[in-house]
Amino acid sequence: MTSIIIIAITAIVVLYLGLYKVKGALLPVSVLGLLGAEASLVCGWDKNISYFNEMLVFNNYAIAFSILLIATTILIFLMSGNYFEKISSNVAEYYTILLFALTGGITMVSFQNMTMLFIGIEILSVSMYIMAGIKKNDTSSNEAALKYFLMGSFATGILLFGIALIYGATGSFNLTEIAGKASEQPFLFYTGVIFMLIAMTFKVGAAPFHFWTPDVYQGAPTLVTSYMSTVVKTAGFAAFLRLFGSAFSSVPPIWTVTIAAMVVITLLIGNITAAFQQNVKRMLAYSSISHAGYMLIAILLLGQASPNAILIYSVAYSIASVASFGVIVAVKEHKGSDDLSAFNGLGRTNPVLAFVMTVALCSLGGIPLTAGFFGKFYIFGVAIAANYTWLIAIAVLMAAVGIYYYFKVIIAMYLRDSESGESIQLNGSYQFVLIFCVLVTILLGIAPSLITNIL
């Protein structure tokens with residue numbers, strides 16, 4: 001709870017700094033506030049503290065995901081530099097909105113009462129509706145914001161209807177109490193579970209409720225897209241797992257078949273559609289859908305290993321996504337495009353950027369010696385332990401398709417000629433983030449025990 005308070009106060013301070021035109025302090029103050037929130041979370045490890053009559057519970061599960069959310073936000077902030085200044089002179093608003101969105105994400109991973117789940121989702125979602133449309137003069141950004149808002153509003157209505165049905169069946173919003181009363185009103189309860197399943201799969205961008213993802217990811221500013229694909233998705237899956245693992249685990253036959261079908265559809269749609277994309281940013285949007293499919297496997301097969309599997313996968317995916325979207329930002333600002341052709345010859349003109357992109361894409365594809373390989377390894381291990389070998393066969397096949405479209409970008413960078421031989425210049429903090437992401441990706445790929453031992 002201390003971390004939420006620190007981040008909220010930081011957001012207000014940043015807003016006032018912008019009001020008094022102290023632009024140079026916006027980024028340092030934001031990062032310092034986030035580091036303070038990280039420190040408060042680390043101090044709370046193993047303490048299992050609850051707040052507001054157990055509406056929020058900060059156990060190790062919530063703390064681990066909260067630390068990941070904050071760390072990812074710090075990396076994105078360090079890459080922002082003058083990115084937002086090119087969009088508007090009111091930069092403080094963007095940092096403030098992203099900080100408030102982060103408070104929503106932390107609320108989502110620590111809720112114990114469905115009221116707090118709804119509040120967390122809405123804080124995060126409303127912030128993202130605004131950020132998707134911050135390029136007011138860009139029609140694609142306006143379209144992204146409108147689509148995200150309209151479809152997100154429908155999903156929120158479905159979520160509320162599901163919560164109402166479950167409350168009507170059990171008389172409680174508390175996850176533990178709900179789990180103990182699941183059999184009292186079975187029809188009402190099961191209907192509520194299905195409605196909540198639909199809402200949560202929309203929030204994480206899984207098929208068949210994924211239609212907003214490609215257009216929103218492509219239309220939103222790239223750094224905002226990076227935030228959506230990492231912080232928003234991680235918070236969504238952490239909340240998803242907490243909800244179904246705590247409240248609905250006693251009635252798995254109702255939703256396991258549905259989620260199994262969703263996993264297959266998500267993997268097929270995400271990977272096969274991504275293979276036909278010529279825009280790298282849109283390709284990563286469909287790739288994000290496919291990764292939602294892999295992470296759904298851990299929710300399908302609820303067990304003691306599921307939280308660790310999703311956390312490890314989220315760490316690997318978030319780091320690789322920050323690096324890959326960071327390279328896309330640099331290429332688009334230099335060449336004015338994020339199409340596949342814009343990456344031609346990048347290995348010759350900008351070998352460091354090309355190497356960062358290569359490592360990030362290899363990690364997203366699950367190539368050995370990268371963090372992404374062990375992310376998939378732990379997810380697949382959960383499925384094998386539950387004898388879902390047929391599902392693993394489909395997942396491995398789709399992972400091969402993923403490697404195909406990731407290597408399209410790598411081939412363009414190293415085997416095709418560039419129209420321009422100019423080098424892309426990056427500031428120090430931007431370079432630090434990219435190099436840090438590469439080092440962590442390789443380090444976790446070589447020694448995954450660095451994170452598994454902590455868990």
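- Under an unreviewed UniProt entry, the name given to the protein is NADH-quinone oxidoreductase subunit N, and the source organism is Solitalea agri.
- The Catalytic activity (unreviewed entry) comment attached to the protein in UniProt states, word for word, "a quinone + NADH + 5 H(+)(in) = a quinol + NAD(+) + 4 H(+)(out)".
- If you open the UniProt record of the protein and go to Sequence similarities (unreviewed entry), you find "Belongs to the complex I subunit 2 family."

1. Here's the deal with the packing of helix H6 (residues 139-170) against helix H8 (residues 186-204)
In a packed pair of helices, the relevant descriptors are the angle between the two axes and the axis-to-axis distance.
Working step 1: Contact geometry for H6 and H8: axes closest at 8 Å, N-to-C directions at 155°. As judged from the angle between their axes, H6 and H8 are roughly antiparallel. Pair H6 / H8 crosses with left-handed handedness.

2. A few points about a nonpolar patch on the surface
Working step 1: Taken together, Ile12, Tyr16, Leu19, Tyr20, Val22, Phe100, Ile119 and Ile123 make up a surface patch of nonpolar side chains, about 760 Å² in accessible area.
Working step 2: Looking at the nonpolar patch, the elements that each hand over two or more residues are helix H1 (2-19) and helix H5 (114-132).
Working step 3: The biggest single contributor to the nonpolar patch is H1, with 3 residues.
Working step 4: Secondary-structure assignment places isoleucine 123 in helix H5.

3. What about the packing of H6 against helix H9 (residues 212-219)?
Working step 1: Put simply, H6 and H9 touch, their axes get as near as 8 Å, and they point 145° apart. The hand of the H6/H9 crossing is left-handed. In this structure, H6 uses Ser140, Ser141, Ala144, Lys147, Tyr148 and Met151 to contact H9, whose residues at the interface are Trp212, Asp215, Val216 and Gly219.
Working step 2: Its residues placed into classes, the contact of H6 with H9 shows 5 nonpolar, 3 polar and 2 charged.

4. Re helix H12 (residues 280-300)
Working step 1: Between the first and last C-alpha of H12 there are 30 Å, a value that for 21 residues agrees with the 30 Å anticipated at 1.5 Å per step.
Working step 2: With 21 of its 21 residues buried, H12 lies for the most part within the structure.
Working step 3: Between the side-chain oxygen at the start of H12 and the backbone nitrogen of lysine 281 there is a gap of 3.1 Å, and the oxygen is on asparagine 279.

5. Looking at the pattern of salt bridges
Working step 1: One pass over the full model with this rule turns up 4 salt bridges.
Working step 2: Residues aspartate 215 and lysine 147 are paired through a salt bridge, measuring 2.6 Å at the closest nitrogen-oxygen approach. One end of the pair, aspartate 215, is in helix H9; the other, lysine 147, is in helix H6, with 68 residues separating them in the sequence.
Working step 3: Between arginine 282 and aspartate 215 there is a salt bridge, and its shortest N-O distance comes to 3.1 Å. Taken together, the residues span a long stretch of sequence, with arginine 282 in helix H12 and aspartate 215 in helix H9 at a distance of 67 residues.
Working step 4: The buried category is assigned to arginine 282, whose relative accessible area is 17%.

Conventions we followed
Residues numbered from 1 in each chain as written. Predicted model: local features only at pLDDT ≥ 70, side-chain atom pairs only at ≥ 80, totals over all residues. Heavy atoms only, no water. UniProt positions renumbered as here; feature names shortened; annotations may be inferred. Axes fitted to C-alpha atoms, helices over the stretch in contact; angles between N-to-C directions. Helix = DSSP H or I, 4+ residues; strand = E, 2+ residues; numbered from the N terminus. Parallel < 35°, antiparallel > 145°, perpendicular 65-115°, else oblique. Left-handed = near helix turned anticlockwise from the far one by under 90°. Patch = residues over 30% accessible without salt bridge, like charges linked within 9 Å, V, L, I, M, F, W, Y side chains within 5 Å. Areas by Shrake-Rupley, 256 points an atom, 1.4 Å probe, with all protein chains shown as cover. Salt bridge = Lys/Arg side-chain N within 4 Å of Asp/Glu carboxyl O. Contact = heavy atoms within 4.5 Å. Nonpolar A, V, L, I, M, F, W, Y, C, P; charged D, E, K, R; others polar. Expected span 1.5 Å × (residues − 1). Buried < 20%, exposed > 50% of the residue type's maximum accessible area, 1.4 Å probe, protein only. Polar contact = N/O pair within 3.5 Å; in protein donor to acceptor, adjacent residues only side chain to side chain.

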